[in-house]
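Survey of secondary and tertiary structure
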Amino acid sequence: MQDENARRVISVIVVNEASVLSRITDLFSGRGYNITSLTVAPIPDSRYSRLTIVTSGSIRVIEQITKQLHKLIPVLKVYEHADLVEKEMALIKFSVSENITDIATLCAAYNGKIVNVGDNVIIAMVADEPKRVDNFLKIINKYNPKEIVRSGAVALER
Amino acid sequence: MQISGAQMVIEALIAEGVDTIFGYPGGAIMNVYDEIYKQNNFKHILTRHEQAAVHAAEGYSKASGKVGVALITSGPGFTNAVTGIADAYMDSIPLVVISGQVPMSLIGTDAFQEIDAVGISRSCTKHNYLVTDASDLARVLKEAFYIASSGRPGPVHVDIPKDVTAQIAEFDYSIELNLETYKPHTKGNPRQIKKAMEAISKARRPIFYLGGGIVNSNAAYEVRELVKKTGIPAVETFMARGVLSHDDDLLISMLGMHGSYAANMAMSETDLVIGLGVRFDDRVTGKLSEFAKNAGVIHVDIDPASISKLVNADYPIVGDVKNVVNEMLELSSLINPAKYSAWRESIRNFDELHPLTYHEDSARLKPQWVIERVGELLGDIANISTDVGQHQMWTAQFYPFSRPRQFISSGGLGTMGFGFPAAIGVKAASPDKVSINFTGDGSILMNCQELMTAVERKLPVINIILNNNYLGMVRQWQTLFYDKRHSETDLSVQPDFVKLAEAFGGIGYRVNTKEEFDAALKDAVEKNIVAFIEVIIERLENVMPMVPSGGSLFNMMLLEKKEKK
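Residues numbered from 1 in each chain as written. Chains lettered and ligands numbered in written order. Predicted model: local features only at pLDDT ≥ 70, side-chain atom pairs only at ≥ 80, totals over all residues. Heavy atoms only, no water.

**Here we look at the overall build of chain B**
Rules: Numbering of helices and strands runs from the N terminus, with a helix taken as a DSSP run of H or I at least four residues long and a strand as a DSSP run of E at least two residues long. The globule rule used for comparison is 2.2 Å times the number of residues to the exponent 0.38, while the radius of gyration itself is calculated over C-alpha atoms. We get accessible surface area from the Shrake-Rupley algorithm with a probe of 1.4 Å; when it comes to residues, only the shown protein chains can shield them. Charged residues are defined narrowly, with Lys and Arg counted positive, Asp and Glu counted negative, and His plus the chain ends left uncounted. By convention, charge coordinates are those of NZ in Lys, CZ in Arg, CG in Asp, or CD in Glu.
When its secondary structure is counted, chain B shows 21 helices and 20 strands. At 24 Å, chain B has a C-alpha radius of gyration in line with the 24 Å of a compact globule built from 565 residues. Summing over all exposed atoms, chain B offers an accessible surface of approximately 21,200 Å²; the carbon and sulfur share of this is 51%. Across chain B, 54 positive and 67 negative side-chain charges occur, with their mean positions spaced 5 Å apart.

**Here's the deal with the domain arrangement of chain B**
Residue and element names in this part refer to chain B. To keep it simple, the criterion reads: What marks off one domain from the next here is an automatic or database domain assignment. Any two residues whose heavy atoms approach within 4.5 Å are treated as being in contact. Defined here as a combined quantity, buried area equals the accessible surface (1.4 Å probe) lost by two parts on assembly, summed across both. Whenever a carboxyl oxygen of Asp or Glu lies within 4 Å of a side-chain nitrogen of Lys or Arg, that contact is scored as a salt bridge. Any pair of N or O atoms that falls within 3.5 Å is considered a polar contact. Within protein, one atom must be able to donate a hydrogen and the other to accept it, and sequence-neighbouring residues count only if both atoms are side-chain atoms. Residues are grouped as follows: Ala, Val, Leu, Ile, Met, Phe, Trp, Tyr, Cys and Pro are nonpolar; Asp, Glu, Lys and Arg are charged; every other residue, Gly included, is polar.
In terms of domain boundaries, chain B breaks down into domain 1 (2-170), domain 2 (190-353) and domain 3 (367-536). Spacing between the C-alpha centres of domain 1 and domain 3 amounts to 29 Å. Listed per partner, the contact involves 25 residues of domain 1 and 25 residues of domain 3. The contact between domain 1 and domain 3 buries some 2,000 Å² in all, and 61% of this surface belongs to carbon and sulfur atoms. The interface formed by domain 1 and domain 3 holds one salt bridge in total. A salt bridge links glutamate 456 to arginine 48; its shortest N-O distance comes to 3.3 Å. Here domain 1 is connected to domain 3 by 11 residue pairs in polar contact (both at pLDDT 80 or more). Contributing elements (two or more residues each) for the side of domain 1 that touches domain 3: strand S3 (43-46), helix H3 (50-64) and helix H4 (76-90). Examining the composition of the side of domain 1 that touches domain 3, we find that 11 residues originate from one element, H3, more than from any other. Along the lines of polarity and charge, the residues of the side of domain 1 that touches domain 3 split into nine nonpolar, 10 polar and six charged.

**Examining the environment of Thr52(A)**
Residue and element names in this part refer to chain A. As a reminder, the rule being used: Residue burial is assigned from relative accessible area. The probe radius is 1.4 Å, only protein chains are included, and a residue is buried under 20% of its type maximum, exposed over 50%, and partly exposed in between.
Topologically, threonine 52 is positioned in strand S3 (residues 48-56). For threonine 52, a relative accessible area of 3% puts it in the buried group. For threonine 52, the contacting residues outside a window of four places in its chain are Val9, Ile10, Ser11, Ser37, Leu38, Thr39, Ala153, Val154 and Ala155.

**Quick word on the interface of chain B and chain A**
With 19 residues of chain B in contact, the opposing surface of chain A contributes 18 residues. Ranking the residues of chain B by area buried against chain A places Arg122(B), His127(B) and Thr181(B) at the top, with a combined share of 38%. Applying the counting rule to chain B against chain A returns three salt bridges. Across the pair Arg47(A) and Glu180(B) runs a salt bridge, and its minimum N-O distance is 3.6 Å. Connecting chain B to chain A are nine residue pairs in polar contact (both at pLDDT 80 or more). A per-class count over the side of chain B that touches chain A returns eight nonpolar, five polar and six charged.

**A word on the nonpolar core**
Considering soluble globular proteins, one finds that nonpolar side chains tend to be buried as a cluster. Residues and elements named next belong to chain B. Quick note on the threshold: As used in this record, nonpolar core signifies buried Ala, Val, Leu, Ile, Met, Phe, Trp, Tyr and Cys residues forming a set joined through side-chain atoms within 4.5 Å.
With 63 residues, the main nonpolar core has Ile200, Leu210, Met267 and Leu276 as its most contacted residues. Residue contributions to this core peak at six residues, all from helix H11 (residues 261-269). Among residues more than four places away in sequence, those in contact with methionine 267 are Ile207, Tyr209, Val235, Leu255, Val273, Phe291, Ala292 and Leu553. Grouped together as the second largest cluster of nonpolar side chains are 40 residues, Leu13, Ile29, Tyr129 and Leu179 included.

**Here we look at a nonpolar patch on the surface**
Residue and element names in this part refer to chain B. To keep it simple, the criterion reads: Patch membership requires over 30% relative accessible area and the absence of a salt bridge. Like charges are linked within 9 Å, and nonpolar side chains (Val, Leu, Ile, Met, Phe, Trp, Tyr) within 5 Å.
Residues Met104, Ile107 and Leu130 make up a contiguous nonpolar surface patch of about 210 Å² in total accessible area. Residue position: leucine 130 is located in strand S6 (residues 127-130). The partly exposed category is assigned to leucine 130, whose relative accessible area is 34%.

**A word on the sheet that holds strand S13 (residues 296-301) of chain B**
Residues and elements named next belong to chain B. Quick reminder of the rule: The pairing criterion for strands is at least two bridges between them, as found by DSSP. In this analysis an axis means a line fitted to C-alpha atoms, helices contributing only their contacting stretch, and an angle means the value between N-to-C directions, from 0 to 180 degrees.
In spatial order, the strands read S11-S10-S9-S12-S13-S14; together these six strands make up an open sheet with parallel pairing. Looking at which strands have only one partner, the edges of the open sheet turn out to be strand S11 (251-254) and strand S14 (315-318). When strand polarity is set aside, the average angle formed by the axes of neighbouring strands in this sheet is 15°. Direction of pairing for strand S9 (residues 206-210) relative to strand S12 (residues 272-276): parallel, over a ladder of five bridges. Across the sheet, tyrosine 209 pairs through a bridge with glycine 275, a residue of S12. Running at roughly 105° to S11, H11 makes contact with S9, strand S10 (234-236), S11 and S12 of the sheet.

**A look at H3(B)**
In plain terms, the rule: By definition here, a helix of n residues has an expected span of 1.5 Å times n minus one.
Given a rise of 1.5 Å per residue, 15 residues ought to cover 21 Å, and the 21 Å separating the end C-alpha atoms of H3(B) matches this to within 8%. Taken across its 15 residues, H3(B) has 14 buried, putting it largely inside the fold.

**A few points about the domain arrangement of chain A**
Residues and elements named next belong to chain A. Each assigned domain of chain A is listed here: domain 1 (7-82) and domain 2 (85-157). Taken together, the contact between domain 1 and domain 2 spans 10 residues of the former and nine residues of the latter. For the pair domain 1 and domain 2, the summed buried area comes to about 640 Å², and 48% of that belongs to carbon and sulfur atoms. Connecting domain 1 to domain 2 are one salt bridge. Counting the contacts that link domain 1 with domain 2 gives five residue pairs in polar contact (both at pLDDT 80 or more). Class assignment of the residues belonging to the side of domain 1 that touches domain 2 gives a composition of three nonpolar, five polar and two charged.

**Here we look at the packing of H11(B) against helix H14 (residues 341-353) of chain B**
All names here are of chain B. This is how the line gets drawn: Orientation categories follow fixed angle ranges, with anything under 35 degrees roughly parallel, anything over 145 roughly antiparallel, 65 to 115 roughly perpendicular, and all other angles oblique. Crossing handedness is read from the near helix: turned anticlockwise from the far helix by less than a right angle, it gives a left-handed crossing, and turned clockwise, a right-handed one.
The N-to-C vectors of H11 and H14 enclose an angle of 140°; their axes lie 8 Å apart at closest approach. Between H11 and H14, the crossing angle belongs to the class labelled oblique. Relative to H14, H11 is oriented so that their crossing is right-handed. Listed contacts from H14 to Tyr261, Ala262, Met265, Ala266 and Glu269 of H11 are Trp343, Ile347, Phe350, Asp351 and Leu353. Partitioned by chemical class, the residues of the contact of H11 with H14 number eight nonpolar, no polar and two charged.

**Details of the environment of Trp477(B)**
Along the chain, the position of Trp477(B) falls in helix H19 (residues 472-481). Residues Trp477(B) and Ser549(B) lie 72 residues apart in sequence; the distance between their C-alpha atoms is 9.8 Å.

**Things to note about the pairing of S13(B)**
All names here are of chain B. Counted residue by residue, S13 has six buried out of six residues, so it is predominantly covered. Residues Gly296, Ile298 and Val300 of S13 are buried on one face, and the alternating residues Val297, His299 and Asp301, pointing to the opposite face, are buried as well. As defined by bridge partners, S12 adjoins S13 across five bridges and the pair is classed as parallel. When the bridges of S13 are listed, leucine 272 appears paired with glycine 296.

**Looking at helix H15 (residues 367-377) of chain B**
All names here are of chain B. Pro367, Gln368, Trp369, Val370, Ile371, Val374 and Gly375 are the residues of H15 that are buried. Looking at the packing, one finds that the buried side of H15 touches helix H16 (390-398), strand S17 (434-440), strand S18 (462-467), helix H21 (514-527) and strand S20 (531-536). One or two residues past the end of H15 sits glycine 379, with phi positive at roughly 50°.

**Quick look at the side chain of Ser74(B)**
Looking at the secondary structure, you find Ser74(B) in the loop between strand S4 (68-72) and H4. With residues up to four places along the chain from it excluded, the contact list for Ser74(B) reads Ala28(B), Gly100(B), Gln101(B), Val102(B) and Gln113(B).

So this is what it looks like as structure tokens:
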């Protein structure tokens, strides 16, 4: 984790109110920080939402990011994760003419399956660690995916 | 109590003890202005530009220590105000800026005078609100005042659609605030403070690095005591001028790009930096890797994000400077002032080698003389505002400041046009002091319409225009770093400043000699009306010393050695 541009995962607990997401993203763009991915959803039975932000930077930059996030008035907590469980989902569209059996087998190896079959296309889903999702997407390239969508990572500290 | 949103704004301002606000009416804020017309609890000062309203509120806040309030309309009213809001954000000035917005039903339709105000102010405010229901107004305004003035202060913007100011709802300002996500940390960690004091006692060449946070936390007198008890020399940032009195033996001077030789050398040779309410701004540190290279760093600040942002702190202390300095004072017996006598001596030597001075070697007056002279004649009875440029640096270098909140200037954003409206706000807050604005021939034109405000409201600001017919600071850089290509900085074509002042009902003076200057200043102070004193100064005078941008603090360009006449 010492290298200059290491990947980091930050979770932010914010009051679920208007424009809170822009406050977060404005902070990143205004101060020149990167967002690799960002997911957000309300925390059940509370007035808070949880954001998971994947970013990169040196220890000093990450420290600044977490401090600056903390300074935003609607931010309750900021965690920079070290030991965490991380998952990301991807949906991939293939033509039905591809080898569906192969695709289904591959999906199974990455916690996924075929979730929709249409007249012309099938949609497959995988949910795994972001690195493994990268890997999966590389492998399925040969089945000519028509469209790929990734959800961005979500994470929980162990 | 069932009242309109506009009435709520008035009631909230009264409840906050506001006595003066600055503003400019317009369509979307008319309901609030209608209520202002009906009330007598606070003064409204009509500026002649929204930017000036915000700068005046800043000046008012800086001089009084209270939250400044500005009131403006939507669209261009708001965008004009943005420079002032950004200025307050950079200098941590507590403001509540209330703007009108088009009615809720028109938001997002590109309506007349509609702009996404909270979208724009988000990045230059401490916090902002778009109020969509009048029943939220009590809470929002109460939070706005609390957030603006607590922790690291800053501007809070409240945008209120016109139909919300008309809406009748329940108003109760006695509500308890419940800001679960905002809890500024004001008390420093006692163990860290003890460790820091032990480090100071072990240091051989420690230095106090005093910043504007001391002024914000009203801790100047505690800091004066700490400096005195420890016998440790101190440098001030631009924002901290007046924290120590100019005649304090332990005050070296200002440090930074235009700091004194002794201050910058002391900062370069120290073995322990004791930073109080500072943020290691680039204009202070010069090249970061060379800044206080062999020193440990104690950093006290209320904003955790300021600590270790640029310079790593060995002893980080998050807390209000006043609380922390009071705790340090209790441990001051750990420190033996005699230990630093050799260090104090070497700083005196630096100062003797290259004192902060200037040469009176030109036919025209020297700007530094003018500033020193005002200091001699008015000293403590004046509050000093400035615009931005050479005159600003000369003021910071040469005015004999004796108290905090005496010096009001745009530090972080460096806003030309700040000085005059700010000085109007200063005068409104502090009517028994003379309000001086040192300005330049470039800056004064950026808000000279405020002559009208000052004349109308009998706020007799004395503007001393140091006129070198140049946009002087840029000209200085062009001379030094652009091979004298003075691109677009020659301001030879100018208005008649005397007539300009007179046209608005003020008084104008054009001054070429020392005698004329003394007479003009005396006359302006006695007549107690708004004045322009235009002083024709040496055209090519540079601000020295100077650390070239990005250079190390100890590599200063210095004043040429000459006998001072």
